[in-house]
Amino acid sequence: MERIQSALAKARDARERKMKGATSGGAGQAETGPWADLPGLTLNPKVLERNRVVAMHPNQNSASFDLMRTNLIRALRSNGWSRVAITSPTQGCGKSTVAVNLAFSLARMADTRVLLLDLDLRHPSLQTILGVEPDQNFAGMLASGTVDLSQIRRCAPNLAVGLNSKPVESPAELLSAARTADMVDEIEARLRPDVILFDMSPMLANDDAISFLDQVDCALMVAAADETTVTEVDRCGKDLAKRTQVLGVVLNKCRFMEQEEARVYPE
Ligand SMILES: Nc1ncnc2c1ncn2[C@@H]1O[C@H](COP(=O)(O)OP(=O)(O)OP(=O)(O)O)[C@@H](O)[C@H]1O
Ligand SMILES: [Mg+2]
């Protein structure tokens, strides 16, 4: 365990050194540089609402995501982290919905630029949730081996997204490739987001998410009330903890819970 922790710390140090060498810029500064040059993406509020995206604006529905983002940003800042994997034990727990809402909530903070990347390469769904045209190919760009920032679209002043319209044939191979890690480093160095949210595959279904966990600083697990079992949460938590820091479990789909009672439960 100590060796894993030390390897994780080394990887983070290396990333930080690389970041320090990158060009300056960041949230709250003038609209110049690669972030300002990202192609725009127009979203339809009605489609978002239908797909349970509620955190674009502050309101009663967004309150639980705002609480989640505040806890998350505090943890990220105090540890010098930026990369967050969002996963779950099994399919359909709501991780993509949570990822989009959390991204919008974070991006409403004036000084916080957010990059939301669809790395559920077997079942990409952010494009559908956001209701955008099916010509998105962030994974294809990763597979090409060359960073092309035109595959990242800006859909709010502080929010940019990397989406996919179709699945990838060998997701784990692409996600574990050293070239993919280098490309994510390059994207982070060029765009300088404050937070990168990675929407991942479910942990217990295949090795896709595990293949990428060395590249993230921490993870959030989304569990579905009435669907996810305690054993699944336990197995998923243990698998995650072997490779990254588990920030907490988001209990989603709580039928009998008032909105304001929804919480992120730290482990
Ligand atoms: N809090 C919620 N209450 C009710 N339904 C929800 C909630 N969150 C998500 N859903 C619905 O559950 C379904 C699965 O959600 P979502 O696609 O976000 O899950 P996922 O974990 O990303 O799934 P997958 O593993 O297939 O990628 C969708 O129909 C979504 O609208
Ligand atoms: Mg999903």
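Above this text sits the structure in question.
None of the values given here were measured: they were computed from a predicted structure. (Residues numbered from 1 in each chain as written. Chains lettered and ligands numbered in written order. Predicted model: local features only at pLDDT ≥ 70, side-chain atom pairs only at ≥ 80, totals over all residues.)

Draft legend 1. A look at the pairing of strand E5 (residues 195–199). A large share of E5 lies buried, amounting to five of its five residues. The two faces of E5 match: Val195, Leu197 and Asp199 on one face and Ile196 and Phe198 on the other face are all buried. Relative to E5, strand E1 (residues 83–87) is paired through four bridges, and the arrangement is parallel. From the neighbouring strand, Ile86 faces E5, where its bridge partner is Asp199. (Buried ≥ 20, exposed ≤ 12 C-beta atoms within 10 Å, placed from the backbone. Helix = DSSP H or I, 4+ residues; strand = E, 2+ residues; numbered from the N terminus. Pairing = 2+ DSSP bridges.)

Draft legend 2. Region of interest: the site of ligand 1. Near ligand 1 there are 15 residues, and of these Gln91, Gly94, Lys95, Ser96 and Thr97 occur at the shortest range. No other element matches the three residues that helix H5 (residues 95–107) contributes to the shell around ligand 1. Its residues assigned to classes, the shell around ligand 1 comprises two nonpolar, nine polar and four charged. (Near = placed C-beta within 6 Å. Nonpolar A, V, L, I, M, F, W, Y, C, P; charged D, E, K, R; others polar.)

Draft legend 3. Region of the structure containing H5. Given a rise of 1.5 Å per residue, 13 residues ought to cover 18 Å, and the 18 Å separating the end C-alpha atoms of H5 matches this to within 8%. Along H5, 13 of the 13 residues are buried, which leaves the element largely enclosed by surrounding structure. (Expected span 1.5 Å × (residues − 1).)

Draft legend 4. Structural view of the pairing of strand E7 (residues 245–252). Pairing of strand E6 (residues 218–224) with E7, which is carried by seven bridges, proceeds in the parallel orientation. Residue Ala223 lies in a different strand from E7, and its bridge partner there is Leu251. Of the crossover connections in this fold, the one passing from E6 over helix H11 (residues 230–241) to the parallel E7 is right-handed. (Right-handed = clockwise from strand over helix to strand, strands pointing away.)

Draft legend 5. Summary view of the packing of helix H4 (residues 63–79) against H5. One can describe the packing of H4 onto H5 by two numbers: an axis separation of 9 Å at closest approach and a directional angle of 70 degrees. Judged by the angle between their axes, H4 and H5 are roughly perpendicular. Of H5, the residues touching H4 (which contributes Phe65, Asp66, Met68, Arg69 and Ile73) are Asn101, Leu102, Ser105 and Leu106. Its residues assigned to classes, the contact of H4 with H5 shows five nonpolar, two polar and two charged. (Axes fitted to C-alpha atoms, helices over the stretch in contact; angles between N-to-C directions. Parallel < 35°, antiparallel > 145°, perpendicular 65-115°, else oblique. Contact = placed C-beta atoms within 7 Å.)

Draft legend 6. Representation of the environment of Thr97. Here Thr97 lies in helix H5. C-alpha separation for the pair Thr97 and Ile129, spaced 32 residues apart in sequence, amounts to 7.4 Å. Apart from residues lying up to four places away in sequence, Thr97 is in contact with Arg52 and Ile129.

Draft legend 7. View of unusual backbone geometry. The backbone of Arg192 shows a phi angle near 50 degrees, a positive value even though the residue is not glycine. Note that Arg192 resides in the loop between helix H9 (178–191) and E5. In this structure Arg192 comes out as buried when scored by C-beta crowding, with 21 C-beta atoms within 10 Å. The backbone of Asp226 shows a phi angle near 75 degrees, a positive value even though the residue is not glycine. Within the secondary structure, Asp226 is located in the loop between E6 and H11.

Draft legend 8. Examining the environment of Leu174 more closely. On the secondary structure map, Leu174 appears in helix H8 (residues 171–176). In this view, Leu174 contacts Leu121, Ala139, Leu142, Ala143, Val168 and Thr180; residues no more than four positions away in its chain are not counted.

Draft legend 9. Local environment of H11. With 12 residues, H11 extends 16 Å between its outermost C-alpha atoms, agreeing within 8% with the 16 Å of an ideal straight helix rising 1.5 Å per residue. Residues Glu232, Cys236 and Leu240 constitute the buried set of H11. What you see down the axis of H11 is that its buried residues fit within an arc of 60 degrees, all on one side. H11 presents Val230, Thr231, Asp234 and Lys238 as exposed residues on the side facing more than 90 degrees away from its buried surface. For H11, the secondary structure elements touched by its buried residues are E6 and E7. (Arc of directions from axis to C-beta.)

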